[in-house]
Structures are given as C-alpha cells and as structure tokens.
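# Fold and geometry: a report
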Amino acid sequence: MLTDAVRAEAFRLIRNRGAVFWSVLFVPVATLILGVLTVFLTKARETEIPAELQLELGMGGDAVNLGHALVSIVGDVANPGVLLFVAMGAASVWAGDYRWETWRLISARNSRPNLILAKLGVVAGLAFAAMVALTLFMLAYEMIRAGVFERPLTFSLTGAEIGDMATLWALNWLRIIQVTVLGLFVAVLSRSLLAALFVPLVAIIVWGVLPQLLAMQGFMPTSWLTQLLSPDAAFSMLKAMVLSNPDAPSAALGEMPFVKAGLSATLWTLAPIAGALVLFQRQDLSKE
C-alpha cells in the first residue's frame, strides 16, 4: 500500500513540470550560465589582471583535479539557493491536496500515515535529484573553466576523500529534507500552500542569522542553546567535523560537538514529521 501511494505521488509530481524545473533544474542551470559568463568575461580581461590574482581566480597553475573539485561541490549542494527552490517544489507536494481539495478522494484508498510517508519519500527523491543535477552542472562548469584557461584535467580520489564525499552527500541530503519537512508540518497544521512555502523560507533566514545573534549574547556556536535552536549551526558543525583533520587536537571535543549537532539534526528532522503524522491522523478531511 505504501508503494502504491509513492507511485501515485511520484506520478503527480512528474506531471507537475513547473515544480520539477524550479526545484531540480533552475539553480544548476542558473549557476552554470552565470559561472560560464564570469569565466569568459575574466578571460577577456586576462591581460589587465595581476599574475597573483590570476592564480586565485583559477586562470593558471597546475592541472584541475576533477576529483578534488567533486568533493568541494558535494560539500555545498545544500546551499541556500537549493534549499529555497526545493522547498518551493516540496510545498506543492505537501499542500497540493488541500489546495485542489482532493484529500477526500484519495484518503479512502490508503491509510493516512502511508499518504504522508509517500509524500515524504517523493520529496526526498526530489531533493536527491536536485543534488545530482547541481553536481553534474558544477562539474561541467569546472571543465569549461579549465578549457577556457587552458588548464589540463585530471581525476583522482583517495579512499578518505570518497568517504568524506559520501558523508557530506548524506549530510546535505538530510539538510534539505530537514528544511522541507518543516513545510510538511505547516501544511498539515494550516492547510495552506502559502504557509507551507513561506514558513520554511523564513526559517532558512532565521536559522542562518540566529548563531550570530546568540553569539552577541555570549552563546558560542558550539553551545547547547545555539546547536539546538539552529539546525543551520548544527549542520555547519557536522560538516566541519567531516572536513577537519581527525588527528588534530580539538578543544571542542570536551563540549561533545557531535552529540549536540547530531541531536539537533535528529530533532529538527523527526519532530516535524511526527507532528504532521499525529495532526493528519486526527484531521477532518471532509471539505478537502
């Protein structure tokens, strides 16, 4: 029954070409176009740029290692642009049945938890597709930039780099899902597409500035309060732990950074899902 619900939800999303384009393709396409334009403009002004600045801009130097570039790209596939546009597509999934008043037509054909979990599975797939698209387009950008600046291409990855890349991929995927499930809870609570769209967008902004605001009050980014109130701070902590040298001494180890960040990430992901399931189970859908 859950499989049937997932298939039906996926079919509806695929037919919604606008949501798929804006969620999956817009950010990668826009990033590639802007990046390539910047490369050609920089190339046109090559003779005016100092030699030391040319190295910083990637206009010269050794060969471009696409393996190292891939690790860097994967570490940033949950950037604010991706979060924003995937949240837009997710909102149409979460609240579409409220908007088009179709809940009463499909809720009799499957259990309510299955219907919500099917939407969650489809949005997780949407987030994964957006990450893959951005990764491929950014690799294309790196190859175009190398060609324009006449730098050879190589590819190499160590076992440690592959492990880091897999961990970063999982963290970024969790981060996108974490933002979108807030929209799920708001959609069930408010029965509003606009609320399901705007609340996650506001949350992205608030979570981003909250660590700085708390730091002004004396709470460090590694403090329990900052980590629990801002999943953005928790994500940054987990990402930094993956990218740091495991052999280097860390003063933060005594502050249990992994426990704090991991607990924050878990709560901000599971609590909205659990809340949506409980609310939806008790909801009267006779008018939807």
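See above for the structure.
Conventions and cut-offs
Residues numbered from 1 in each chain as written. Predicted model: local features only at pLDDT ≥ 70, side-chain atom pairs only at ≥ 80, totals over all residues. Heavy atoms only, no water. Helix = DSSP H or I, 4+ residues; strand = E, 2+ residues; numbered from the N terminus. Buried < 20%, exposed > 50% of the residue type's maximum accessible area, 1.4 Å probe, protein only. Areas by Shrake-Rupley, 256 points an atom, 1.4 Å probe, with all protein chains shown as cover. Lys, Arg positive; Asp, Glu negative; His and termini not counted. Charge placed at Lys NZ, Arg CZ, Asp CG, Glu CD. Core = buried A, V, L, I, M, F, W, Y, C linked by side-chain atoms within 4.5 Å. Contact = heavy atoms within 4.5 Å. Salt bridge = Lys/Arg side-chain N within 4 Å of Asp/Glu carboxyl O. Phe/Tyr/Trp six-rings, centres within 6.5 Å; stacked < 30°, edge-to-face > 60°.

All right, on to the overall build of the protein chain then. When its secondary structure is counted, the protein chain shows 12 helices and two strands. Along the protein chain, helices and strands appear, N-terminal first, in the series α-α-α-β-α-α-α-α-β-α-α-α-α-α. When its C-alpha atoms are laid out on the principal axes, the protein chain stretches across 70 × 45 × 35 Å. Going through the 288 residues of the protein chain one by one, you find that 44% of them count as buried. Taken as a whole, the protein chain presents about 15,000 Å² of accessible surface, with 69% of it coming from carbon and sulfur. Averaged over its 19 positive side-chain charges, the protein chain has a centre that lies 16 Å from the centre of its 19 negative ones.

Let us look at the nonpolar core. Judged by nonpolar contacts, the single largest core of 71 residues is most densely connected at Trp94, Ile176, Val188 and Phe280. Where this core is concerned, the elements lending two or more residues are helix H2 (17–44), helix H4 (66–74), helix H5 (80–99), helix H7 (112–148), helix H8 (159–190), helix H9 (193–216), helix H11 (231–243) and helix H12 (257–282). No other element matches H7, which puts 16 residues into this core. With near-sequence residues (within four places) excluded, Trp94 lies in contact with Lys119, Leu120, Val123, Thr180, Val181, Gly183, Leu184 and Ala187.

This brings us to the pattern of salt bridges. Tallying each qualifying case throughout the model produces six salt bridges. Residues Arg12 and Glu9 are paired through a salt bridge, measuring 3.0 Å at the closest nitrogen-oxygen approach. A residue pair is termed a helical-turn pair when its members lie 3 or 4 positions apart in one helix, as Arg12 and Glu9 do in helix H1 (residues 2–15) at three residues. What makes Arg12 partly exposed here is its relative accessible area of 34%. Look at Glu9 and you get buried, because its relative accessible area is 9%. Salt-bridge contacts for Asp232 lead to Arg175; the nearest nitrogen and oxygen are separated by 3.2 Å. Of the two residues, Asp232 is situated in helix H11 and Arg175 in helix H8; the sequence distance between them amounts to 57 residues. The class for Asp232 is partly exposed, based on a relative accessible area of 23%.

Another point: unusual backbone geometry. The phi dihedral of Glu101 falls on the positive side, at around 55°, and the residue is not glycine. With a relative accessible area of 42%, Glu101 lands in the partly exposed category.

This part takes up the packing of aromatic side chains. By the definition in use, this model includes 10 aromatic pairs. Taken together, a centroid distance of 6.5 Å and an interplanar angle of 65° make the contact between Phe21 and Phe26 edge-to-face. For the ring pair Trp103 and Phe280, a centre distance of 4.7 Å and an interplane angle of 50° mean the geometry is tilted. One end of the pair, Trp103, is in helix H6 (residues 103–106); the other, Phe280, is in helix H12, with 177 residues separating them in the sequence. The exposure class assigned to Phe280 is buried, which follows from its relative accessible area of 1%. One aromatic cluster in this structure is built from Phe21, Trp22, Phe26 and Phe85.

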